[in-house]
Amino acid sequence: MDNKLVGSNLTKAMLKRGDKQIWCAVDDNSDEQAISEQTHNDFKAYIVSYEEGKFFCTAGMSWLCAVPIKIVALTSEEVGL
């Protein structure tokens, strides 16, 4: 049985642990939709708290789903320059 934390549950655990700002893909429908939407829009936010069933970002907006993501800068080698 696999009981690794993923998606919004991982974000909740990270906040509970004391993480301050977590870069997340966000959505109001599902974790799956939050991740799939990354290709065509900009639904990413720094999540700072989870209260009453909602995640809150630094801008004060609330979201039902927040999946932790990694964003890293590209290097010139990666883009072929």
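Participant: So what exactly am I meant to see when it comes to a nonpolar patch on the surface here?
Facilitator: Taken together, the side chains of Leu74, Val79 and Leu81 make up a nonpolar region of the molecular surface, amounting to roughly 380 Å² of accessible area. Looking at where leucine 81 falls in the secondary structure, it is placed in the segment after strand E5 (65-68). The class of leucine 81 is exposed, set by a relative accessible area of 82%.

Participant: Honestly, the sheet that holds strand E4 (residues 62-63) in this entry has me stumped. Any pointers?
Facilitator: Hydrogen bonds between backbone atoms are what pair the strands of a sheet, whose relative direction is either parallel or antiparallel. Strand order in the open sheet made by the 5 strands is E4-E3-E2-E1-E5, with antiparallel pairing throughout. Looking along the sheet, the strands with just one partner apiece sit at the ends: E4 and E5. Alignment of strand E1 (residues 22-27) against E5, held across 4 bridges, turns out to be antiparallel. What sits directly across from aspartate 27, in E5, is cysteine 65. Packing of helix H1 (residues 7-17) onto the sheet brings it into contact with E1, strand E2 (44-51), strand E3 (54-57) and E5, and relative to E5 it is tilted by some 80 degrees.

Participant: Can you help me understand the confidence of the model for the protein in this one?
Facilitator: In regions of low pLDDT, the predicted coordinates are not meant to be interpreted in detail. This prediction gives the protein a mean pLDDT of 90; 90% of its residues lie at or above 70. Per-element mean pLDDT across the protein ranges from 90 in helix H2 (residues 31-36) up to 98 in E3.

Conventions we followed
- Residues numbered from 1 in each chain as written.
- Predicted model: local features only at pLDDT ≥ 70, side-chain atom pairs only at ≥ 80, totals over all residues.
- Heavy atoms only, no water.
- Patch = residues over 30% accessible without salt bridge, like charges linked within 9 Å, V, L, I, M, F, W, Y side chains within 5 Å.
- Areas by Shrake-Rupley, 256 points an atom, 1.4 Å probe, with all protein chains shown as cover.
- Salt bridge = Lys/Arg side-chain N within 4 Å of Asp/Glu carboxyl O.
- Helix = DSSP H or I, 4+ residues; strand = E, 2+ residues; numbered from the N terminus.
- Buried < 20%, exposed > 50% of the residue type's maximum accessible area, 1.4 Å probe, protein only.
- Pairing = 2+ DSSP bridges.
- Contact = heavy atoms within 4.5 Å.
- Axes fitted to C-alpha atoms, helices over the stretch in contact; angles between N-to-C directions.
- pLDDT = per-residue confidence, 0-100.

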